[in-house]
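# Summary of the model geometry
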Amino acid sequence: MSTLNKYKTLIIISSLATVSSCSWFSAKDGTEDIDDRYMKSQQGPELQTPPNAKQIEVEDRYRVPEGVIITNRDAKGKKLSLDPPQLLLVGGDGVREDSEQPHPTVWVRHQDTPFMDYVSRFMTQKNIPINAATDKQISSDWISDEDEEIFSQYIGSYNLDGQRHKVTLEVIGQNANEVAVQARNTQSQRLVDDKWVTMKTSKTVASQFLNAFLGFYDTERTQEARERILDEGTISVSLGTNDQGQMALTAEREFMAIWEHLPSVLEDLNLSVSDRDQSAGIYYFNVKEPETGFWAWLWGDDETNPKVEMEPGDYQIHLASTASGISMTFKDEEGNLLDANVVTKIYPEFAASFKSRGKQ
């Protein structure tokens, strides 16, 4: 066989394999065509003990009772979903998944602007058709692959083969600091022989849509925080006390203004944020061991070494509202108040950094 004929043979075999695999995944009625030939399999011959071999004695606890009848012979394959898994984007600050809900749901830290304003802006800015809207939920009209830009970005490119979906975003819970938002794929159809055929709704489609909203929400909130910081200008910090009379840094500003400035202030002082809890008003940060030696002297240590006089270790900053603004109380890893002398020493560096943050 010539080389040309070999290539022709390989192309034919590949084409047949492609056609065969496509027909396996897609049925004409809009459902998944799962091979269930395994249901017709027959029982093989009984196990025979070879000549001159000692038969293994099976204990009673492993013996199958006589007269057992298998009654459940329904095919399981067609009940399984072929949708690829889709994780929720919960890596952002203040976002956590509620895995106990039947539909994709996340809790989002949110306190001020009505949350549904962001959902409405998301639908409008992304040109997603709206079917119905209330103060708790917004439902889309059919999102079709006719507009590939919208469909591939918010539903998932694996669904672009003649499908359309309706999706709902709904606020299903709320407390003082958080909002629970849930996504549901309410209707799904597939185009078969120029007719729309109903297909099973998908949690993966809902997760994709919720992820798209979370990305939009995070971008909007970040932009709003930057604009708010620029509008607020310089933050003046003083040495004072909190409502309990304990030594603290104080500022005549709102909680969010100080909360959003603190990461930049700590970074400026070469202090690394290890965690935060906005509901409790706590920032956790670490003071690293200063680098010493010839290389530290040669290259300088301003970029890495802490710029405050604090012993290496883990610390906490507790923010609390006062009659005149906000207090920042410093504590050690165990939650014990730092000595007033330590707070007095670190005050100038913190005050200077807060002022410089406001000028950027």
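Attention in this report is confined to the structure presented alongside it. Here the structure is a predicted model, which means the values were calculated and not measured. (Residues numbered from 1 in each chain as written. Predicted model: local features only at pLDDT ≥ 70, side-chain atom pairs only at ≥ 80, totals over all residues. Heavy atoms only, no water.)

Quick look at the overall build of the protein chain now. Scanning the protein chain from terminus to terminus reveals 7 helices and 14 strands. Expressed as a percentage of the 360 residues in the protein chain, the buried residues total 36%. Expressed as a percentage of contacts within the protein chain between residues at least 6 apart in sequence, the contacts between residues at least 24 apart total 57%. Entry remark: accessible area of the protein chain is about 23100 Å², with carbon and sulfur atoms responsible for 50%. (Helix = DSSP H or I, 4+ residues; strand = E, 2+ residues; numbered from the N terminus. Buried < 20%, exposed > 50% of the residue type's maximum accessible area, 1.4 Å probe, protein only. Contact = heavy atoms within 4.5 Å. Areas by Shrake-Rupley, 256 points an atom, 1.4 Å probe, with all protein chains shown as cover.)

In this section: the pairing of strand β8 (residues 195–198). Where strand β7 (residues 178–192) lies against β8, 4 bridges are found, and the strand directions are antiparallel. When the sheet's bridge partners are listed, Arg 190 is paired in β8 with Val 197. From the end of β7 to the start of β8, which pair antiparallel, there are 2 residues, and Asp 193 there has a positive phi angle of about 50 degrees. (Pairing = 2+ DSSP bridges.)

Below, the discussion takes up the pattern of salt bridges. Enumeration according to the criterion identifies 5 salt bridges in this entry. Across the pair Arg 121 and Glu 224 runs a salt bridge whose closest N-O atoms are separated by 3.3 Å. Highlighted residues: Arg 121 in helix α2 (residues 115–125) and Glu 224 in helix α4 (residues 203–232), separated in sequence by 103 residues. Overall, Arg 121 belongs to the partly exposed group, its relative accessible area being 27%. For Arg 221, the salt bridge goes to Glu 224, with nearest N and O atoms at 3.8 Å. Placement of the pair is Arg 221 and Glu 224 together in helix α4, with a separation of 3 residues, close to one helical turn. Salt bridges sharing partners connect three or more residues here, namely Arg 121, Glu 220, Arg 221 and Glu 224. (Salt bridge = Lys/Arg side-chain N within 4 Å of Asp/Glu carboxyl O.)

The subject of this paragraph is the nonpolar core. Soluble globular proteins: nonpolar side chains tend toward being buried together. Counting residues in each nonpolar core, the largest one holds 29 residues, and the members touching the most others are Phe 285, Ile 317, Phe 330 and Phe 350. Elements that contribute at least two residues to this core include exactly β10 (247–251), α5 (255–268), β12 (282–287), β13 (313–321), β14 (326–332) and α7 (340–359). Sorting elements by how many residues they give to this core places α5 first, with 6 residues. Once residues lying within four places of it in the same chain are set aside, the contact partners of Phe 330 are Leu 249, Phe 285, Gln 316, Ile 317, Asn 336, Leu 337, Leu 338, Val 343, Ile 346 and Phe 350. Ranked by size, the runner-up nonpolar core spans 28 residues in total, among them Val 108, Met 123, Val 181 and Leu 210. (Core = buried A, V, L, I, M, F, W, Y, C linked by side-chain atoms within 4.5 Å.)

Taken together, the buried positions of α2 are Phe 115, Met 116, Tyr 118, Val 119, Phe 122 and Met 123. The buried residues of α2 occupy an angular sector of 155 degrees when projected down its axis, which confines them to one face. Two residues or fewer past α2, Asn 127 is found with a positive phi of approximately 55 degrees. (Arc of directions from axis to C-beta.)

Right, let's get into the sheet that holds β10. Here 6 strands make up an open sheet; going across it, the order is β9-β10-β14-β13-β12-β11 and the pairing antiparallel. The open sheet has two edge strands with one neighbour each: β9 (238–241) and β11 (272–277). Within the sheet, the average angular offset between the axes of one strand and its neighbour, ignoring direction, is 30 degrees. Bridge count between β9 and β10: 4 bridges; the pairing is antiparallel. When the bridges of β10 are listed, Leu 239 appears paired with Leu 249. On the sheet, α5 packs against β10, β11, β12, β13 and β14 and is oriented at approximately 160 degrees with respect to β13. (Axes fitted to C-alpha atoms, helices over the stretch in contact; angles between N-to-C directions.)

Let us now look at unusual backbone geometry. Even without being glycine, Asp 193 reaches a positive phi, approximately 50 degrees. Within the fold, Asp 193 resides in the loop between β7 and β8. Even without glycine at this site, Asn 270 takes up a positive phi of about 60 degrees. On the secondary structure map, Asn 270 appears in the loop between α5 and β11. Take Asn 270: its relative accessible area is 15%, and that puts it in the buried class.

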